[in-house]
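# Descriptive analysis of the structure
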Amino acid sequence: MNIVMVTSWSPRHCGIATYSSELVGALRKNGHHVDIICHTDEDCGGHCEEGVYPVIDTNDPGWDEKVYATVQQIKPDVVHIQHEYGLYLTHGDYGGRIIPLLFRLKLEKIPSVMTYHSIYTSLDRPEAIFTDVSLRLLDSAIVHAEVQKLFLPYNLDWIPHNVHVISHGAKEVVPDPLAKERFGLAGKKVALCIGWFEPNKRFEDVIEIWPEVIREAGKAAILLIAGDARPGSSTGIKYKEQLLRKIEESPAKDNIKTILGAFDPDTYDSIISASDFVVLPYKHASQSGNLAHSFALNKPAIVSSLEGLKAEIEASGAGIAVPVDDLDELRKAITILLTSDLMLETYSEHAQGYVANHIIWENVARKHTLVYENAIDRVTYGTKVRVNQTI
């Protein structure tokens, strides 16, 4: 199958770029040909890979026409768009240039699929309008959790029949057995907060409760905070300053370690390998690549009870979901995993099994192929072709 993937792409520092790279790799491994249409990214070196078409410049309100012209040039069997509002924001239009692109694809009977990476149980007005219109134009759509699909009718006042549920994929990777020694953490129990520094991550809440955690779990407990402000993010830069200041002011600062930077894949794997479990206390999120990757490295997780995050914990049995903003429950969950080797081992085994049996990229890519086939069938045979179940 010949596939065009519209997405952000390396060297852009972006979780969607990482997601797309791993999905594309798995699709190619399964025998499909995949071309990439992505951003120009001149500010971070641009693109020179074969099969990569850097034509999206969000300073140009006509970038959707360039994408469509490139699709016509490539002549794929299906076009797959990775959607996140910030990726396609053009002069404050909420990423609305995707809509005329979908209209042109629909008009010319080019099968289209879109993965919604930022879709919530409660959509605000711009999100609801975008989701409503785009779903009517798409042949097939993908969300990462059943709960996201379940709440669509409540937000849209109609029931879409072209939505599929495919969990975030996880790559096959071996934990680094020397990671703790490499980062000076040998003999320590390590709770890890990792990712781009943004206010929705709530890493500051873990810093706040860490003195209490130390009193209950002992001096061997280390909070490892790894990441940095995303290049160009004003909110991220301010949040980074806030985090570093909060660490310096903490009475438990000797038990808090930071690793700052934008990490290459091997370093990212090693940092997660150096932890005993991952803490993702987000206040706003629909899913997390960090969660899937932690599971791939056999690491349990503590997450906020948010939509896709909670759903992944429940499906995997590989961690604990705590109420959003409940610092007491967050403290209890962290303390339990720091003091119970049995729970850590059990959750780790569950994470390993969940990846191998459900979300390894090879399986996820195969599910995507079924969605592509469904999109092609809907174009060929009409919209009566429906899928109402999780693939």
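Residues numbered from 1 in each chain as written. Predicted model: local features only at pLDDT ≥ 70, side-chain atom pairs only at ≥ 80, totals over all residues. Heavy atoms only, no water.

### What about the pattern of salt bridges?
Should their charged atoms come close, side chains of opposite charge can pair. Applying the stated criterion across every chain, the model contains 20 salt bridges. Residue Arg104 pairs with Glu65 through a salt bridge whose shortest N-O separation is 3.1 Å. Of the two residues, Arg104 sits in helix α3 (residues 98–107) while Glu65 sits in helix α2 (residues 63–74), which places them 39 residues apart along the sequence. A relative accessible area of 25% places Arg104 in the partly exposed class. One salt bridge in this structure joins Glu362 and Arg366, with 3.4 Å as the shortest N-O distance. In this pair, Glu362 and Arg366 are both assigned in helix α15 (residues 361–381), 4 residues apart and thus about one turn of the helix distant. Given the relative accessible area of 38%, Glu362 is considered partly exposed. Residues joined in a network through salt bridges with shared partners are Glu212, Glu216, Asp328, Glu329, Arg331 and Lys332. (Salt bridge = Lys/Arg side-chain N within 4 Å of Asp/Glu carboxyl O. Helix = DSSP H or I, 4+ residues; strand = E, 2+ residues; numbered from the N terminus. Buried < 20%, exposed > 50% of the residue type's maximum accessible area, 1.4 Å probe, protein only.)

### Some thoughts on the sheet that holds strand β13 (residues 319–322)
Read across the sheet, 6 strands follow the order β10-β9-β8-β11-β12-β13 without closing on themselves; strand pairing throughout is parallel. The sheet is open, and its two edges are formed by β10 (256–260) and β13, each paired on a single side. Along the sheet, successive strands turn relative to each other by an average axial angle of 20°, direction set aside. With 3 bridges joining them, strand β11 (residues 277–280) and strand β12 (residues 301–304) adopt parallel strand pairing. What sits directly across from Val279, in β12, is Ile302. (Pairing = 2+ DSSP bridges. Axes fitted to C-alpha atoms, helices over the stretch in contact; angles between N-to-C directions.)

### Examining the confidence of the model for the chain
Confidence in the prediction for the chain averages 92 pLDDT; 96% of positions are at 70 or higher. When mean pLDDT is compared element by element in the chain, strand β1 (residues 2–6) scores highest at 98, while helix α12 (residues 307–316) scores lowest at 87. (pLDDT = per-residue confidence, 0-100.)

### Observations concerning the nonpolar core
Among the nonpolar cores identified, the biggest contains 66 residues, and Trp210, Phe277, Phe295, Ile302 and Ile334 are the most heavily contacted of them. Counting residues per element, this core draws most heavily on helix α8 (residues 203–217), which supplies 7 residues. The contacts of Ile302, once residues within four sequence positions are left out, are Phe277, Val278, Val279, Leu280, Ile320, Val322, Leu330, Ala333, Ile334 and Leu337. The next biggest cluster of nonpolar side chains, apart from the first, holds 41 residues, and it includes Ile74, Ile110, Tyr116 and Val143. (Core = buried A, V, L, I, M, F, W, Y, C linked by side-chain atoms within 4.5 Å. Contact = heavy atoms within 4.5 Å.)

### Some words on the environment of Thr235
Inspection of the secondary structure assignment puts Thr235 in helix α9 (residues 234–249). C-alpha of Thr235 to C-alpha of Glu198: the two residues are 37 residues apart in sequence and 6.4 Å apart in space. Apart from residues lying up to four places away in sequence, Thr235 is in contact with Glu198 and Pro199.

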